[in-house]
Amino acid sequence: MTNLVTGATGTVGRQVVAELLRRGLPVRALTRDPATADFPAGVEVVRGDLTEPESLAAALEGVTGLHLITFGGPYFTPLESGPRILELAREAGVRRITVLHGGGPTPLEDAVRGSGGTFAWTVVMPVEFMANALEWADGIRTDDRVREPFTGRLSAMVHEADIGAVVAVTLTEDGHAGQEYIVTGPEALTLKDKTEALAAARGREIRLEELTEEEAVAQWREGGMPQDVIDFLLEVYGNTPLAGRTVSGTVEKVTGRPARTFTQWAEEHADAFRA
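No experiment lies behind these values; they were computed from the predicted model shown.

So, helix H2 (residues 82-92)
An α-helix turns once every 3.6 residues. As a result, residues three or four positions apart point the same way.
Then comes step 1: Within the sequence span of H2, burial applies to Gly82, Ile85, Leu86, Leu88 and Ala89. The buried side chains of H2 occupy one side of the element, clustering within an arc of 160° when seen end-on. Across H2 from its buried face, at more than 90 degrees, point the exposed residues Pro83 and Glu91.
Then comes step 2: Contacts from the buried residues of H2 go to strand S4 (63-69), strand S5 (96-100) and helix H3 (107-113).
Then comes step 3: Backbone geometry just downstream of H2 places Gly93 in the positive-phi region, at approximately 90°.

Some points on the side chain of Asp49
Then comes step 1: Inspection of the secondary structure puts Asp49 in the loop between strand S3 (43-47) and S4.
Then comes step 2: Polar side-chain contacts of Asp49 include one of 3.1 Å to the side chain of Arg32.
Then comes step 3: Ignoring sequence-local partners within four residues, the contact set of Asp49 consists of Arg32, Ser55 and Leu56.

Brief notes about the packing of helix H7 (residues 213-222) against helix H8 (residues 227-238)
Then comes step 1: Close contact between H7 and H8 brings their axes to 10 Å; oriented N to C, the two are set at 145°. The way H7 lies across H8 gives a crossing that is right-handed. The segment H7 lies against H8, with Glu213, Val217, Trp220 and Arg221 engaging Gln227, Ile230, Leu233, Leu234 and Tyr237.

Some words on the pairing of strand S1 (residues 2-5)
Then comes step 1: Residues of S1 alternate between two faces, with Thr2 and Leu4 on one and Asn3 and Val5 on the opposite face, all of them buried.
Then comes step 2: For the crossover that starts at S1, traverses helix H1 (residues 11-22) and ends in the parallel strand S2 (residues 27-31), the hand is right-handed.

Some thoughts on the pattern of salt bridges
Then comes step 1: Applying the stated criterion across every chain, the model contains 23 salt bridges.
Then comes step 2: Across the pair Arg84 and Glu54 runs a salt bridge whose closest N-O atoms are separated by 2.7 Å. A residue pair is termed long-range when its members are at least 10 positions apart, and Arg84 in helix H2 and Glu54 in the loop between S3 and S4 qualify at 30 residues.
Then comes step 3: The class for Arg84 is partly exposed, based on a relative accessible area of 26%.
Then comes step 4: For Glu54, a relative accessible area of 48% corresponds to the partly exposed category.

Brief notes about the nonpolar core
Nonpolar side chains in soluble globular proteins tend to end up buried together.
Then comes step 1: Formed by 52 residues in total, the largest nonpolar core has its most connected members in Leu68 and Ile97.
Then comes step 2: Looking at which element gives the most residues to this core, the answer is helix H5 (residues 160-172), with six residues.
Then comes step 3: Apart from residues no more than four positions distant in its own chain, Ile97 is found in contact with Leu66, Leu68, Leu86, Val112, Phe119, Ala120, Trp121, Thr122 and Leu171.

Side note on unusual backbone geometry
Then comes step 1: Positive phi, close to 50°, is recorded for Asp144, a residue that is not glycine.
Then comes step 2: Within the fold, Asp144 resides in the loop between helix H4 (137-143) and strand S7 (145-149).
Then comes step 3: Its relative accessible area of 16% is what places Asp144 among the buried residues.
Then comes step 4: If you check the backbone angles, Phe150 has positive phi at about 50° while not being a glycine.
Then comes step 5: Looking at where Phe150 falls in the secondary structure, it is placed in the loop between S7 and H5.

Quick look at the sheet that holds S2
Backbone-to-backbone hydrogen bonds pair the strands of a sheet. The strands run either parallel or antiparallel.
Then comes step 1: Strand order in the open sheet made by the seven strands is S3-S2-S1-S4-S5-S6-S8, with parallel pairing throughout. Each end of this open sheet is capped by a strand with a single partner; those strands are S3 and strand S8 (179-183). Each strand axis lies, on average, 20° off the axis of its neighbour in the sheet, ignoring direction.
Then comes step 2: Direction of pairing for S5 relative to strand S6 (residues 120-126): parallel, over a ladder of five bridges. Looking across to S6, one finds that Leu100 is bridged to Val124.
Then comes step 3: Across the sheet, H1 lies against S1, S2, S3, S4 and S5, angled at about 165° from S1, the strand it touches most.

Cut-offs applied
Residues numbered from 1 in each chain as written. Predicted model: local features only at pLDDT ≥ 70, side-chain atom pairs only at ≥ 80, totals over all residues. Heavy atoms only, no water. Buried < 20%, exposed > 50% of the residue type's maximum accessible area, 1.4 Å probe, protein only. Helix = DSSP H or I, 4+ residues; strand = E, 2+ residues; numbered from the N terminus. Arc of directions from axis to C-beta. Contact = heavy atoms within 4.5 Å. Polar contact = N/O pair within 3.5 Å; in protein donor to acceptor, adjacent residues only side chain to side chain. Axes fitted to C-alpha atoms, helices over the stretch in contact; angles between N-to-C directions. Left-handed = near helix turned anticlockwise from the far one by under 90°. Right-handed = clockwise from strand over helix to strand, strands pointing away. Salt bridge = Lys/Arg side-chain N within 4 Å of Asp/Glu carboxyl O. Core = buried A, V, L, I, M, F, W, Y, C linked by side-chain atoms within 4.5 Å. Pairing = 2+ DSSP bridges.

The following block contains the structure:
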């Protein structure tokens, strides 16, 4: 009953691995570089690359649950290898598949949805990760400041450990086949709410400076961000979809416990924001 987690060294992947391990379930972590993966004892680490599907054949041996991501490169480059990955999964006897939704239609997710009754699949659709706040860490440590556009925007951001918990349950328990789960935190927050929570956790004030769209674009370009990602951020920040700012209750429904708050996340990561 082994579960294979792809994208295992990513923000969500590590949490899926940790939750499966916590539940005492066999877990195999797929990574391009096992030597640097740094997983705890009890995790079977295997080499593989989703952009090279044949590299998954050995990793899939004995696997009944498969967690998939939909991208295979920097800035969420969509995987084109979905059909072959699913063919290998079917040949290996995989029964359940979870897919971490990547923000829009992708070839891999489309292939999973179109697989009929071959797999019991679930699409897990998280909104903004609380871990995204780590992008502010440098500015907060050096200048006690967050510089962002659209500071009044709302986000029902979700703790990455809660995403991992939802994936672990749907990957290993019955009753979730064919479901699309929007996964959120327990409250919708503004940027002011977030910076205040971080300030309280680290014990020092943080200034919130609102950028114009032009200033934000210049800042993102200076950081090497491609234009399609910039366009995406302008859209979701300037006109956040209803699902991204509405509490879903999925975490409690699926796992049986309340979703973690951003205050909890801030306290857990306070050292990252201290000089």
